Amino acid sequence: MMKNKLFAKAMIAGLIIFPLSSSAIADDKPDVFVQLGHTEWVDSAIMSADGKTIASGAMSGSIKLWDVLSGREIRTLVGHTFSVSSLAFSPDNRLIASWGLDKTCRLWDVQSGRQLQKIDAPVIGDVGDVKTGFTPDGKYFWTTGHNDIIMAETVTGRRLGALDITGRESPFVIFSSSGKYALFRKKVSPTQIHLVLWNVLEGRIEKTFDREEFYWAAFSPDDRYVLSPRRNQTLELWDLATGKEVRSFEKRPATGITEAIYSIRISDNGSYALSTTETAVTLWDFSSGRNLGTFQLPKDFRLVELSPDGKRLLLKYSSVAGDTVFRIADSRTGYGIKEFSSKQIGANYAAFSTDGKQILFRGFGRLILWDLEKNQEVRRYEGQGHRLAFVAFAPDGKKFAANIGGGFIVWDIASAKVERIITGLEAVNSVAFSKDSNWILSGGADKIVRLWDLAVGKETKTFIGHTAEVTSVAFSPDGRLVVSGSNDASVRVWNRETGREERTLIGHKYGSAGFSNFHQFTGVTSVAVNPDGQLAVSGGTDGAVIVWSLPSGKEIARLGGHARTVTSVAFSPDGKFIASGSLDGVAKLWELATRKELKTFTRKANDPVTYVGFSSDGRWLLTKIKGDYTSWLWDIATGKEIRSFTGDITSVMPGGSTFVTAAISSNANRVITVDSMGPVARLWDSSTGKEIARMSSFSDGEWVVITPEGYFNASPNGAKHLNVRVGNKVYGIDQFYAKFYRPEL
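Nothing here was measured: the structure is a model prediction, and the numbers come from that model. (Residues numbered from 1 in each chain as written. Predicted model: local features only at pLDDT ≥ 70, side-chain atom pairs only at ≥ 80, totals over all residues. Heavy atoms only, no water.)

Asks: Mind laying out the overall build of the protein, listing which residues take part and the relevant values?
Replies: The secondary structure content of the protein amounts to four helices and 64 strands. Taking all 745 residues of the protein together, the buried fraction comes to 59%. Counting every atom, the protein has about 29,600 Å² of accessible surface; 48% of that belongs to carbon and sulfur. (Helix = DSSP H or I, 4+ residues; strand = E, 2+ residues; numbered from the N terminus. Buried < 20%, exposed > 50% of the residue type's maximum accessible area, 1.4 Å probe, protein only. Areas by Shrake-Rupley, 256 points an atom, 1.4 Å probe, with all protein chains shown as cover.)

Asks: I'd like to hear about the pattern of salt bridges, residue by residue, with values.
Replies: For side chains bearing opposite charge, pairing can occur when the charged atoms are close. Taken as a whole and judged by the stated rule, the model has 25 salt bridges. Linking Arg492 and Glu501 is a salt bridge whose minimum nitrogen-to-oxygen distance equals 3.2 Å. According to the relative accessible area criterion, Arg492 is buried, its value standing at 11%. Using a relative accessible area of 32% as the deciding quantity, one classes Glu501 as partly exposed. Each of Glu202, Arg204 and Glu206 takes part in salt bridges that share partners, so that together they form one network. (Salt bridge = Lys/Arg side-chain N within 4 Å of Asp/Glu carboxyl O.)

Asks: So what about the sheet that holds strand S53 (residues 609-614)? Which residues, and what values?
Replies: Taken in spatial order, the four strands line up as S53-S54-S55-S56 in an open sheet, and their pairing is antiparallel. Looking at which strands have only one partner, the edges of the open sheet turn out to be S53 and strand S56 (640-646). Across the sheet, the axes of successive neighbouring strands diverge by a mean angle of 20°, strand direction being ignored. Sheet topology places strand S55 (residues 630-635) next to S56; six bridges connect them, and they run antiparallel. (Pairing = 2+ DSSP bridges. Axes fitted to C-alpha atoms, helices over the stretch in contact; angles between N-to-C directions.)

Asks: I'd like a description of the sheet that holds strand S32 (residues 376-382), backed by residues and values.
Replies: Within the open sheet, the four strands sit side by side as S29-S30-S31-S32. Their pairing is antiparallel. Edge positions in the open sheet fall to strand S29 (349-352) and S32, since each of these has one partner strand only. Between one strand and the next, the sheet's axes are offset by a mean angle of 20°, whatever the strand orientation. When strand S31 (residues 366-371) meets S32, the two strands line up antiparallel, connected through six bridges. By the bridge assignment, Leu367 is partnered in S32 with Tyr381.

Asks: Report on the pairing of strand S9 (residues 115-120), specifying residues and quantitative values.
Replies: When strand S8 (residues 104-109) meets S9, the two strands line up antiparallel, connected through five bridges. The residue of S9 that forms the bridge with Cys105 is Ile119. Connecting S8 to the next strand, S9, in antiparallel fashion are five residues, including Gly113 with a positive phi near 80°.

Asks: Mind laying out unusual backbone geometry, listing which residues take part and the relevant values?
Replies: Located in the positive-phi region is Lys103, a residue other than glycine, with phi close to 65°. Tracing the chain through its elements places Lys103 in the loop between strand S7 (95-100) and S8. Phi angles above zero are rare outside glycine, and Arg595 is one such case at about 65°. On the secondary structure map, Arg595 appears in the loop between strand S51 (587-591) and strand S52 (596-601). Residue classification places Arg595 among the partly exposed positions, given a relative accessible area of 38%.

Asks: Let's hear about the packing of aromatic side chains: which residues, and what values?
Replies: In this description, a pair of aromatic rings is defined by centroid distance and the angle of the planes. In the structure shown here, the tally under the stated rule is 20 aromatic pairs. A ring pair is formed by Phe393 and Phe400, whose centres lie 6.4 Å apart and whose planes are at 65°; its orientation type is edge-to-face. No difference in accessibility class separates Phe393 from Phe400, as the two residues are buried. Aromatic ring contacts, followed pair by pair, group Phe326, Phe340, Phe361 and Trp370 into a single cluster. We note Arg496 situated over the ring of Trp439; from NZ or CZ to the ring centre the distance is 4.9 Å. (Phe/Tyr/Trp six-rings, centres within 6.5 Å; stacked < 30°, edge-to-face > 60°. Lys NZ or Arg CZ within 6 Å of the ring centre and 35° of its normal.)

Asks: Can you lay out the nonpolar core for me, pointing to particular residues and giving the numbers?
Replies: Membership of the largest hydrophobic core comes to 31 residues, with the highest contact counts inside it found for Phe400, Trp411, Leu622 and Ile672. Setting aside anything within four residues of it in sequence, one finds Ile672 in contact with Val391, Phe393, Phe400, Ala662, Ala663, Ala681, Arg682, Leu683 and Met695. (Core = buried A, V, L, I, M, F, W, Y, C linked by side-chain atoms within 4.5 Å. Contact = heavy atoms within 4.5 Å.)

Asks: So, the pairing of strand S5 (residues 73-77): which residues are in play, and what are the values?
Replies: Judged by how many residues are buried, S5 sits mostly within the fold: five of five residues are covered. Here strand S4 (residues 63-67) pairs with S5 via four bridges, running antiparallel. Residue pairing across strands places Leu65 opposite Arg75, the latter belonging to S5. Linking two consecutive strands that pair antiparallel, namely S4 and S5, is a turn of five residues; a positive phi of about 80° is found at Gly71 within it.

Asks: Kindly report on the side chain of Ser580, identifying the contributing residues and their values.
Replies: Within the fold, Ser580 resides in strand S50 (residues 577-582). On the basis of relative accessible area, Ser580 is assigned to the buried category, the value being 0%. Within the structure, Ser580 has its side chain in polar contact with the side chain of His562 (distance 2.7 Å). Looking at Ser580, its side chain comes within polar contact range of the side chain of Trp590, at 2.9 Å. Aside from chain neighbours lying at most four places away, what touches Ser580 is Val545, His562, Val566, Ser568, Val569, Val586, Ala587, Lys588, Trp590 and Val612. (Polar contact = N/O pair within 3.5 Å; in protein donor to acceptor, adjacent residues only side chain to side chain.)

Asks: Now, about the environment of Gly270: what can you tell me, with residues and values included?
Replies: Structurally, Gly270 is set in the loop between strand S21 (263-266) and strand S22 (272-276). Between the alpha carbons of Gly270 and Ser287 there is a distance of 8.3 Å; along the sequence they are 17 residues apart. Those residues in contact with Gly270 that lie beyond four places of it in its chain are Pro221 and Phe286.

Asks: Describe in detail the confidence of the model for the protein, supporting the description with residues and values.
Replies: Mean pLDDT over the protein: 84, with 87% of residues reaching 70 or higher. Per-element confidence in the protein is highest for strand S39 (residues 448-453), whose mean pLDDT is 98, and lowest for helix H1 (residues 2-9), whose mean pLDDT is 35. Taken as a whole, residues 1-27 scores under 50 in pLDDT and shows 65 contacts with residues more than four places along the chain or in a different chain. Predicted confidence is poor over residues 513-519, with pLDDT under 50, and the contacts of this stretch with residues over four places away or in other chains come to 17 contacts. (pLDDT = per-residue confidence, 0-100.)

Encoded structure:
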């Protein structure tokens, strides 16, 4: 009794990190949370100048802060709605500027995680070409693209004057590293083209130069000089104040290289310059203009970066085998110091740290810091949580199951413990319990439906016949039949006892035009069986909802009201109604006897509905909405919303994670939701809409349950996945263990 009271007492959100208020920081109240890390591609990463903090931006739009020394996650910054591709720390390391593909530039307070400013920044350019940063005094933050810069005051967010590129003749605008100046060719009359220096802070032309020969250039770190190429493959340094040449860089020795220079970089300390052609790089002494060496580039290279001190190069190119290779080379000789393959290190992108002594790699769900002087990995910054997408309640309401990539996990709700973990499979797309809650079906990428005995955790039977991924599975109420849907566009009915296929139901169209670009699904997406076991219903990427007779295998009804892929179907408890959800943003209620659409349930146009399910009394309908990552409970009689269960937008994966489900227990008093491909399952009280607990399992076999107050239960070594944040410092759970551990949860 005590266990249930304590467990039910946990009602408000507490695991996902929300920005702390100033009072919470002042009080130094411990905040316990699970280290989730990124669960998708890390699209940007940068280390603060003091070397204490790493900021990383992900495909989902979330930004995470990491403690460099310990590798622990500090907090998550939530605001961007799509990929964060550029990040910058302010000169004093107290602020972060970010730009995302949602076309906004945002300013964040590092200490609290609070968003301070948001400005529209629809700059034009490839993701890798868009940069964000601060002026050296920290008073302004900016974002640049190919031909635009957007700048705003740090304190007020007030935008400064726009860049006037009317009559621009050069393909790109060159920006100084401080963001104060822009340089481009401009047609000032029908017959004259001048080089224009634009003062971004004041929104005006600073100077014009009678220089038509200008294609690429780089500002010196102090904004006093510009280094630009000449057609004879040398470089010219000229003074921005006078427009006069300061020095001509020494001509490269004869190497047989005749391509034009298309890229110039100056080291952050102003000591070296690097020029790049299609096949070679040349290092120059910036103060004298002396050529320090030219060497050939690897074939198919895609990136050349100069370290801040100018001593090393970072090359990225494709190997003969097609793998991405990173080479750290001596900038004078081109000799390799260290090579990494993307497969070896598990990363596809890399950049120098601020001091140039380390390389920060980023890949899918992880960051890796490599020490160049010690030639060894320093630390990894990642979470180890299983990525969830599908969830199902057992009919007795005492447990639920969720997929964990190549397997599934079963949680016992009363004890708040993991009952069973099954691994070693190909990707699992669907799970379903038998009526007595003792057996479970799984279906996935290996095209096989499997039957499991939960008491012993063993596979007892396989159902083989589908020719593509199995996308959905269901038991008949009497447990005699197994029904499955697949990417092969078929619904198949199996005899559970013998494992034989009894019939194949064909009616959905395979890969229908306009519907197939939906996650990995190209046929049947969802199946369900009615309470008397005589009918099945299926939904597919062709937008159809089909009702089948299980005894005869014949199609008896086709409900065709959806405009896009049907993601989920369900029978009401009395079998008289069918619910369907679709990518068209609508959930529909159908009367089976008349084949009529009775009601529609929608929150926002075009927000995909990814799950529908009835309460046991048939009064309520639960829908899962992808757009706002929220599950909604509806009163079927009135068509009105009763309450919502809001998920987490900090660990979602856009585009490829649309098929994410929720579930309502048989007695309708509990709702379980999973965030979009995130590592958290959330248990809710359906009568109040309050969150009870969050459950996470990990790739090392450990698990954690945590309440909104921070109290937790865990497997023997699961607590190592917990962090405790006090102010902006982050610690392991050890010194707080006695305070927050509750084995009686």
